[in-house]
Amino acid sequence: MYLSKRNRITFMVMLLVMATVLGSLCIDQDSEEKTASANQTKPSGQESTLRYAATFGPEGTLDPAVKWTGWYLREAGVYETLFSYDENMNLQPELATKYEQVSDTEWRIFIREGVKFHDGTPLNADAVIYSLNRVLDDNNTRKGEYDFIESISKYSDSAVTIKTNSTYAPTIASLTDPVTSIVSPGTDLNIAPVGTGPFKFESYTQDVSLSLKKNDNYWNGTAGVDRAIIYFVTDEMTRLFKLESNEVDIADGLPQSEIAGLHNNPEYKIYSTPTLRTYFLYVNMNKEPLNDVKFRQALNYAIDRQQIVDTALEGVGGTPAKSFFGSMMSWSINDRIDMVSRDEQKVRSLLTEAGLEDINGDGWLEYDGKPFELNIKTYTGRPQLKPAAEVIEAQFESVGIKTSVTILDKGALETDLNNKDYDLSLYAWTVAPTGDPDYFVSKHFESTGAEAQKLSYSNPEVDEWIKAGRQTMNQTERKEYYDKVQEQVLDECPEIFVFYQNSLVGTNKKVAGFKQYPNEITFLTKDISIDE
C-alpha cells in the first residue's frame with residue numbers, strides 16, 4: 001500500500017498518539033505495581049517482602065566453604081556457625097551452646113539440641129564434623145587457615161572434640177568465620193544452600209538476585225518478614241536510586257556525597273557505623289628506597305589522614321587510622337597512642353637521611369642521582385580507593401615525590417602484589433572478622449605469612465611475639481604480645497595505615513529491627529521487620 005507524504009505524516013502522528021496513550025497506561029500500571037510493592041501493605045493472608053540492594057554477592061557457587069561465599073550467605077541469613085559475634089563484637093554461642101577446654105590442645109564443643117536444617121534433617125555431631133572437614137579438605141583454598149586442627153571427632157550426638165596440633169588460642173574465634181558454616185550433609189551446596197538460619201534459600205541468579213523465604217522452624221524465633229530478595233547492584237548511585245524510588249527497602253554502600261541529604265529526609269533512616277575494615281598501603285620493601293625504614297617513615301608522615309577523610313570520604317565514610325586495629329577492638333592500642341599527623345619538616349629530614357634530594361632544583365626529588373617516581377596501585381570495587389589514592393598522590397607530590405596512581409581490577413592487582421611488581425598499593429582488609437588479632441597479624445607480619453611475602457617483611461622478634469600470642473591462653477598476656485607487634489609495625493612501616501571505613505546503610509522508615517555488625521558478616525536477621 002502506498003501512502004502519500006501527507007498521509008504518511010498523518011499515520012506517524014497517529015502512531016505517536018497511540019504509543020503515548022498506551023505508554024501512559026503501561027506507566028500507570030507499572031507505577032501502581034511498584035507503589036503497592038513499595039508500600040508493603042499486608043492485608044490478611046498477604047506476605048511481606050524485604051528488598052535489599054547489596055554491593056557484593058556470590059561469584060557463581062553458593063557453597064559456603066568456597067573462598068568467601070559463606071560471607072554472602074551468612075549476610076543473607078541462610079547459614080550459621082557454632083559461635084558468632086553480636087553487634088558489639090561480643091563472642092556468643094550460636095549453633096553451639098558452650099565449649100570446654102579439655103587440655104592445651106583439646107576443645108569440646110556442645111551442640112544446640114532441637115535444631116533442624118531447612119530440609120528437616122537434624123543438627124547433630126555428624127553434621128558438624130561433616131561441615132568442618134569440608135574446610136580441611138586438601139582441595140579447599142582456605143585450608144591453610146585451619147591447618148592448626150589435627151582432628152575433629154564425635155564425643156556424643158550433641159558434642160564434638162576438636163584436637164589441635166599445638167596450643168592455639170584463637171580456636172573458638174576461628175569457628176565464627178562463615179567458611180565454617182554448618183551445612184546439611186548430602187545436598188548439592190553449589191546450587192541449593194541448606195543451613196539453619198532464619199531464611200531459607202529459594203532461587204539465585206548470578207549477579208542479579210538471591211530470593212529467600214523465612215524459616216518457619218527457626219530455632220531462635222520466626223523472622224519478622226515472610227520473604228527477602230537481595231539484589232546485587234555494584235553501582236552506588238543505582239543503589240541510592242533504588243532506595244529513593246522505593247524499589248528496595250534497604251541499601252548498603254550509599255554514596256558519601258548523598259548522606260547529608262538523606263539524614264535530613266524523614267522518609268529514611270541512615271546508619272553510619274564503624275567497621276573493622278582498614279585501608280592501608282602495602283609497601284614493597286623489595287625495592288629501593290622502600291627498603292629503607294627512613295623513607296617509609298617519611299611517607300607515613302607525609303600523609304594527612306584527616307584531609308583524606310574530609311575530602312576523599314567527604315567527612316562521613318570513615319575515620320583516620322592510628323594502627324591496623326580500630327578503637328572498637330579490645331586488642332587495639334589506639335587509646336594510648338597518637339595518630340601520626342602530617343609533619344612536613346620531619347618528612348623532608350627523613351627523605352634527606354634516606355638519600356633523596358632535589359639535585360637540579362626542579363622541585364622533584366632524585367634518588368641515587370636519578371629521577372625518582374612512586375606509583376600507587378589500587379583496584380576497582382570499592383569507591384573509596386581511587387579518591388583516597390589521588391589525595392595521597394597529591395600529598396606526596398607536595399613534598400617533592402613525583403607520584404602516579406594506577407587503577408586495576410582486583411585480580412590483576414593481586415597478581416602484581418604476588419609478583420612484587422608494585423611500589424605501593426592501597427588496599428582494604430577486614431582486619432578481624434573472627435574477632436581475634438591473629439587473623440591479620442599472622443598473615444601480614446609473620447615472616448611466613450602470605451601478605452608478609454608480598455611486602456618482603458621479616459622480623460624474627462615479631463615472629464616470636466605472634467607465635468607467643470597464638471599459644472598463650474591468658475588474654476592479658478596475649479594482648480601484651482599483640483601490643484608489641486602493633487608498636488613495632490608502626491615504627492617499621494611495612495604497611496602504612498590510612499583510615500577505618502564506616503558502613504553507610506540506608507533504610508526506608510518502615511524498616512525496624514535493623515542492626516549493623518562491625519565485622520560485616522551478619523546483615524539479614526530474624527529481627528528485621530517492615531512496620532506499616
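Residues numbered from 1 in each chain as written. Predicted model: local features only at pLDDT ≥ 70, side-chain atom pairs only at ≥ 80, totals over all residues. Heavy atoms only, no water.

(A) Summary view of the sheet that holds strand 14 (residues 356-357). The strand order across the open sheet formed by 3 strands is 14-15-16, and the pairing between neighbours is antiparallel. Lying at the two open borders of the sheet, with one neighbouring strand each, are strand 14 and strand 16 (370-371). The sheet contact formed by strand 15 (residues 366-367) and strand 16 spans 2 bridges and is antiparallel. Counterpart to Tyr367 in the pairing with strand 16 is Lys370. (Pairing = 2+ DSSP bridges. Helix = DSSP H or I, 4+ residues; strand = E, 2+ residues; numbered from the N terminus.)

(B) How the structure looks around the pattern of salt bridges. Under the defined criterion, the tally for this structure stands at 34 salt bridges. The closest approach of N and O atoms between Asp249 and Arg51, which form a salt bridge, is 2.8 Å. With a gap of 198 residues between them, Asp249 in the loop between helix 5 (236-244) and strand 11 (250-251) and Arg51 in strand 1 (residues 49-54) connect regions that are remote in the sequence. An identical accessibility class is assigned to Asp249 and Arg51; each is buried. Asp63 serves as the salt-bridge partner of Arg134, at 2.4 Å between the closest nitrogen and oxygen. Taken together, the residues span a long stretch of sequence, with Arg134 in helix 3 (residues 125-135) and Asp63 in the loop between strand 1 and helix 2 (69-75) at a distance of 71 residues. The pair Arg134 / Asp63 is uniform in exposure class, with both members buried. Salt bridges linked by common partners bring Arg336, Lys479, Asp483 and Glu487 together as one network. (Salt bridge = Lys/Arg side-chain N within 4 Å of Asp/Glu carboxyl O. Buried < 20%, exposed > 50% of the residue type's maximum accessible area, 1.4 Å probe, protein only.)

(C) Structural detail: the environment of Val160. Mapping Val160 onto the fold places it in strand 7 (residues 159-164). Between the C-alpha atom of Val160 and that of Ile109, which follows or precedes it by 51 residues, the distance is 5.3 Å. When residues no more than four places from it in sequence are discounted, the contact partners of Val160 are Trp107, Arg108, Ile109, Ile111, Ala125, Val128, Ile129, Ile152, Ser153 and Tyr155. (Contact = heavy atoms within 4.5 Å.)

(D) The sheet that holds strand 7, seen in detail. A sheet is described by the order of its strands in space; here 4 strands give the open sequence 4-5-7-6, paired in antiparallel fashion. Here the strands that pair on one side only, and so sit at the sheet edges, are strand 4 (96-103) and strand 6 (149-156). When the angles between neighbouring strand axes are averaged without regard to direction, this sheet yields 20°. Each of strand 5 (106-111), strand 6 and strand 7 is contacted by helix 3, which is oriented at about 170° to strand 6, the strand it contacts most. (Axes fitted to C-alpha atoms, helices over the stretch in contact; angles between N-to-C directions.)

(E) A look at the nonpolar core. In this structure, Phe295, Phe396, Ile401 and Phe445 are the most contacted members of the largest nonpolar core, which totals 72 residues. Both domain 1 (48-249 + 510-531) and domain 2 (276-502) contribute no fewer than three residues apiece to this core. Excluding its chain neighbours within four sequence positions, the residues that come into contact with Phe396 are Leu299, Ala302, Ile303, Leu374, Ile376, Ile401, Thr403 and Leu424. Listed in part, the 29 residues of the second largest apolar core include Ile129, Tyr146, Phe148 and Ile182. (Core = buried A, V, L, I, M, F, W, Y, C linked by side-chain atoms within 4.5 Å. Domains from an automatic or database assignment.)

(F) Looking closely at the packing of aromatic side chains. In the structure shown here, the tally under the stated rule is 27 aromatic pairs. On the numbers, 5.7 Å between centres and 85° between planes, the contact of Trp331 with Tyr482 is edge-to-face. Placement of Trp331 in the loop between strand 13 (318-320) and helix 9 (344-353) and of Tyr482 in helix 15 (residues 475-492) is noted, with a sequence separation of 151 residues between them. In terms of burial, Trp331 and Tyr482 fall into one category: buried. Seen from their ring centres, Phe440 and Phe445 are 5.9 Å apart, and the 70° between their planes marks the pair as edge-to-face. Considered together, Phe440 and Phe445 belong to a single accessibility category, that of buried residues. One aromatic cluster is present, formed by Phe280, Tyr282, Phe324, Phe325, Tyr379, Tyr427, Trp429, Tyr439, Phe440, Phe445, Tyr457 and Phe497 through successive ring pairs. Across from the ring centre of Tyr439, 4.2 Å away, lies the NZ or CZ of Lys443, which sits over that ring. (Phe/Tyr/Trp six-rings, centres within 6.5 Å; stacked < 30°, edge-to-face > 60°. Lys NZ or Arg CZ within 6 Å of the ring centre and 35° of its normal.)

(G) Structural context of the packing of helix 14 (residues 460-471) against helix 15. Contact pair helix 14 / helix 15: the axes reach a minimum separation of 8 Å and the direction vectors enclose 150°. Relative to helix 15, the element helix 14 is oriented roughly antiparallel. Crossing of helix 14 over helix 15 shows left-handed handedness. Contacts between helix 14 and helix 15 involve Val462, Trp465, Ile466, Ala468, Gly469 and Arg470 from the former and Arg478, Tyr481, Tyr482, Lys484, Val485 and Gln488 from the latter. Grouping the amino acids of the contact of helix 14 with helix 15 by side-chain chemistry returns 7 nonpolar, 2 polar and 3 charged. (Parallel < 35°, antiparallel > 145°, perpendicular 65-115°, else oblique. Left-handed = near helix turned anticlockwise from the far one by under 90°. Nonpolar A, V, L, I, M, F, W, Y, C, P; charged D, E, K, R; others polar.)

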